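Tertiary structure, described
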Amino acid sequence: MIPANRTTADTARAASLLGVSTGTFTNTRRWEKIRAQPISRPGAKTRFWDEEQLLAAVEEREIPLITPANPDEVYNLAVEGESVLELLRDFLTGYFTGAGSSAPVADGARIAPAADSGFDRVEVFSVFAAEEVPEAAEDAVVDVNVKLVAYNEKGAWPVNAQLRLEFTGGRWVVAALEREDEDDLFDLEEAYLLVPEDRRPTISTWRTYATSTNRKSAKLTSIPEADTVVHGVKHWKRSTIRNWDQNERFLQGEAKAGGRPVGVVESTPRPRTAPRHVLAAERRAKVQQMLDEDPTVSPAAIGEALGVSAERGRQLLNEVKAGSGK
């Protein structure tokens, strides 16, 4: 994902900023040795970086935050400190509703502008950290991902945000915040994950939608033309895919597949026989089996066995261990 209003750097630009040749940068996998990591999708043929993060790494400054493209695929550990949770709930409620907040904020904090969406209530569903929250000691820093639902008169809207917290003056304070933006850019594979799972076509069908040569035909479903091309790769805005999913796709040849409207939270749990629950149960059972056979099984091995990323394998392993008490 390319965050809105950020400048991307391709391999040649990244190598130039680090003062090495493109060949040296590539052949020595220099990007694995710097704190600024690629923002291109893992496994993508074309790698690119956020230029501001690269410059910070070169100058040995603090790396600026960017909102994760898919927080479910990030290695996460639950944040359990109640003081941290209360701070986040207080700050995010004030941030999204405009009602003000008593949460402490660091001097010079970098806070992304809040969208004018008329939200009147916020419910924080989960808070995760990219690493274990450090002890509450002076100058401690932790970055956390927050999944929440913001409510307004039109319904409920899921939102992801990332915050940086610092411990200073004997308390945690908010030092930075980045939130998803409607102008964030996604390549074809990332855009696929923006479609809610209960309305998501197969990946092969999605690719067919993207390559349709007759986008005006009422009999052929297609996604819109890409909004832009970045380093030779087509990208779509978050707003473009959401609008297509909510308003356009079922006016084309695709039969409406059901599922709740975007922004409406389920009022009752889905039956445990729903496909997503069956798949989740099968995955957990497989992880439990692998864990029983080898208590030291690695997240990478789990990811490979299940056909998911190592990060997702780590998350599943943590879930199964928590459920089994291991």
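Scroll up to find the structure.
Residues numbered from 1 in each chain as written. Predicted model: local features only at pLDDT ≥ 70, side-chain atom pairs only at ≥ 80, totals over all residues. Heavy atoms only, no water.

Topic: the overall build of the chain
Going by this rule: The way it works is that DSSP assigns letters per residue, a run of H or I at least four long becomes a helix, a run of E at least two long becomes a strand, and they are numbered from the N terminus. Burial status follows relative accessibility: with a 1.4 Å probe on protein chains alone, a residue under 20% of its type maximum counts as buried, one over 50% as exposed, and anything between as partly exposed. A contact between two residues is defined here by any heavy atoms of the two lying within 4.5 Å. Reported accessibility uses the Shrake-Rupley method at a 1.4 Å probe radius. Residues are deemed covered only where the shown protein chains occlude them.
Along its length, the chain carries ten helices and eleven strands. A burial count over the chain gives 40% of its 326 residues as buried. Within the chain, contacts between residues at least 6 apart in sequence are counted, and of these 58% link residues at least 24 apart. Accessible area for the chain stands at about 17600 Å²; split by element, carbon and sulfur atoms hold 50% of it.

Here we look at the pattern of salt bridges
Operational definition: Salt bridges are defined by distance alone: a side-chain nitrogen of Lys or Arg within 4 Å of a carboxyl oxygen of Asp or Glu.
A full pass over the atoms with the stated rule returns 18 salt bridges. Glu 180 is the partner of Arg 242 in a salt bridge, and the nearest nitrogen-oxygen pair spans 3.3 Å. Here the residue Arg 242 occupies a position in helix H7 (residues 238–248), and Glu 180 occupies one in the loop between strand S8 (171–179) and strand S9 (185–186), the gap between them amounting to 62 residues. Residue Glu 180 is classed as buried on the basis of its relative accessible area, which comes to 8%.

Topic: the sheet that holds S9
Counted only if it meets this: Note: two strands are recorded as paired if DSSP finds a minimum of 2 bridges between them. Every axis in this analysis is a line fitted to C-alpha atoms, fitted for helices over the stretch in contact. Angles between the N-to-C directions lie between 0 and 180 degrees.
Spatially, the three strands line up as an open sheet ordered S9-S11-S10, and their pairing is antiparallel. Two strands in the sheet have a free side with no partner beyond their single neighbour: S9 and strand S10 (228–230). Sheet topology places S9 next to strand S11 (residues 233–237); two bridges connect them, and they run antiparallel. Residue pairing for S11: Leu 185 is matched across the bridge by Lys 237. Where H7 meets the sheet, it contacts S9 and S11, and its direction lies at approximately 65 degrees from that of S11.

Some details on the environment of Arg 41
Definition in use: By the criterion applied in these results, polar contacts are pairs of N or O atoms within 3.5 Å in which, for protein atoms, one can donate a hydrogen and the other can accept it, and in which residues neighboring in sequence qualify only through two side-chain atoms.
In this structure, Arg 41 sits in the loop between helix H2 (22–27) and strand S2 (48–50). Sequence separation between Arg 41 and Asp 187 is 146 residues, and the spatial gap between their C-alpha atoms is 8.0 Å. The contact partners of Arg 41, leaving out residues within four places of it in the chain, are Asp 187, Glu 189 and Glu 190. A polar atom in the side chain of Arg 41 sits 2.9 Å from the side chain of Asp 187.

Quick look at the pairing of S11
Each regular strand carries side chains that alternate between the two faces of the sheet. Pairing between S10 and S11: three bridges, direction antiparallel. Residue Val 229 lies in a different strand from S11, and its bridge partner there is Lys 234. Between S10 and S11, which pair antiparallel one after the other, the connecting turn spans two residues, and His 231 there sits at a positive phi close to 50 degrees.

Digging into the pairing of strand S6 (residues 141–152)
Among the twelve residues in S6, eleven count as buried, and that is most of the element. As defined by bridge partners, S6 adjoins strand S7 (residues 155–168) across twelve bridges and the pair is classed as antiparallel. Each bridged residue has a counterpart across the sheet, and for Asn 145 the counterpart in S7 is Gln 162. Linking S6 to S7, which pair antiparallel, is a turn of two residues.

Observations concerning the packing of aromatic side chains
To keep it simple, the criterion reads: In this analysis, rings of Phe, Tyr and Trp, with Trp reduced to its six-membered ring, are considered paired at centre separations within 6.5 Å, and the interplanar angle assigns stacked below 30 degrees, edge-to-face beyond 60, and tilted for intermediate values. For a Lys NZ or an Arg CZ to count as sitting over a ring, it must be within 6 Å of the ring centre and within 35 degrees of the ring normal.
Under the criterion given, the structure shown has ten aromatic pairs. With 6.5 Å between their ring centres and 55 degrees between their planes, Trp 31 and Trp 49 make a pair best called tilted. Here Trp 49 lies in strand S2 and Trp 31 lies in the loop between H2 and S2, a separation of 18 residues in the sequence. Exposure remark for Trp 49: the relative accessible area of 0% places this residue in the buried category. Aromatic pair Phe 91 and Tyr 95: ring centres 6.1 Å apart, planes at 20 degrees, arrangement stacked. Residue Phe 91 and its partner Tyr 95 are located together in helix H4 (residues 82–97), separated by four residues, close to a single helical turn. Note on accessibility: Phe 91 and Tyr 95 belong to one class, buried. Here Arg 121 stacks its cationic end above the ring of Tyr 151, 3.9 Å away from the centre of that ring. Over the aromatic face of Tyr 192 sits the side chain of Arg 200, whose NZ or CZ is 5.5 Å from the ring centroid.

Brief notes about the packing of helix H1 (residues 11–18) against helix H3 (residues 51–58)
As a reminder of what qualifies: For classification, angles of less than 35 degrees are called roughly parallel, those exceeding 145 degrees roughly antiparallel, those between 65 and 115 degrees roughly perpendicular, and all remaining angles oblique. Helix crossings get a hand from a simple test, with the near helix turned counterclockwise from the far one by less than a right angle marking a left-handed crossing and a clockwise turn marking a right-handed one. The classification used treats Ala, Val, Leu, Ile, Met, Phe, Trp, Tyr, Cys and Pro as nonpolar, Asp, Glu, Lys and Arg as charged, and all other residues, Gly among them, as polar.
Between H1 and H3, whose axes approach to 10 Å, the crossing angle comes to 20 degrees. If you check the angle between H1 and H3, you find them roughly parallel. The two elements H1 and H3 meet at a crossing, and its hand is right-handed. Between H1, through Arg 13, Ala 14, Leu 17 and Leu 18, and H3, the contact on the second element is made entirely by Glu 51, Leu 54, Leu 55 and Val 58. Split into classes, the residues belonging to the contact of H1 with H3 amount to six nonpolar, no polar and two charged.

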